Amino acid sequence: MMWPSIALLTFVTLQRLGELVLAQRNTTALLARGAREVAPEHYPLMVALHAGWIIGLWLLAPGRPVEFLWFLIFMGLQALRLWVLATLKGRWTTRIIVLPGAPLVRSGPYRFLRHPNYLVVIGEIAALPLAFGLPLYAVVFSLLNAFVLHIRMKAENAALKSAMILK
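What comes next is a walk through the structure. Model, not experiment: these values are computed from the prediction.

## Brief notes about unusual backbone geometry
Item 1. Of note in this structure, Ala-39 is not a glycine but carries a positive phi near 50 degrees.
Item 2. Considering the arrangement of structural elements, one finds Ala-39 in the loop between strand E1 (36-37) and helix H2 (43-60).
Item 3. In this structure Ala-39 comes out as buried when scored by relative accessible area, which is 15%.
Item 4. Here Lys-89, not a glycine, exhibits a phi torsion of approximately 50 degrees, which is positive.
Item 5. Relative to the helices and strands, Lys-89 resides in the loop between helix H3 (68-88) and strand E2 (97-98).

## A word on the packing of aromatic side chains
Each aromatic ring pair is specified by the distance between its two centres and by the angle formed by the two planes.
Item 1. Applying the stated criterion across every chain yields a total of three aromatic pairs.
Item 2. One Lys or Arg, Arg-95, reaches over the ring of Tyr-43 and ends 3.8 Å from the middle of that ring.

## Quick notes on the pattern of salt bridges
Item 1. As enumerated under the stated definition, the model contains four salt bridges in all.
Item 2. Note that Glu-19 is salt-bridged to Arg-81, the shortest N-O span being 3.0 Å. Here Arg-81 lies in helix H3 and Glu-19 lies in helix H1 (residues 3-32), a separation of 62 residues in the sequence.
Item 3. In this structure Glu-19 comes out as buried when scored by relative accessible area, which is 11%.
Item 4. Arg-81 is the partner of Glu-124 in a salt bridge, and the nearest nitrogen-oxygen pair spans 2.3 Å. You can see Glu-124 sitting in helix H4 (residues 116-131) and its partner Arg-81 sitting in helix H3, a full 43 residues away along the chain.

Rules behind the numbers
Residues numbered from 1 in each chain as written. Predicted model: local features only at pLDDT ≥ 70, side-chain atom pairs only at ≥ 80, totals over all residues. Heavy atoms only, no water. Helix = DSSP H or I, 4+ residues; strand = E, 2+ residues; numbered from the N terminus. Buried < 20%, exposed > 50% of the residue type's maximum accessible area, 1.4 Å probe, protein only. Phe/Tyr/Trp six-rings, centres within 6.5 Å; stacked < 30°, edge-to-face > 60°. Lys NZ or Arg CZ within 6 Å of the ring centre and 35° of its normal. Salt bridge = Lys/Arg side-chain N within 4 Å of Asp/Glu carboxyl O.

Set out below in structure tokens:
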């Protein structure tokens, strides 16, 4: 039966495309308010990683059974993703954007973690392939994601520190 895997892949693909639209809208609005982008050079690498992850899943996962436990974990991560988006509102982007004078968000999941969105992404990169019974795929993309997130988090923390948001 192909439809569960196709439905899940369609959901994730549409979600990511919608997030790109939202991120671009928020980025444009933030830049208009005087924000600046920091460390844009790693962004194409991040986009390539996520695009490759989804494209690869489209090539390997259709027709595979969806393992219920990993599906539930993945859907739980979606709830956390929505919490992050709802907390950041217009400040959520896929780029590193610093708005001078804006305080660091410390509500929602940011009360507990400095980078909850990255925790969600780490979980998703592993959980979705595992839901399709693709453990090697999960490991490979988790390692690639760790490499990209290391670069990104270092740049983001430096940007926040230079803006004197982090102490």
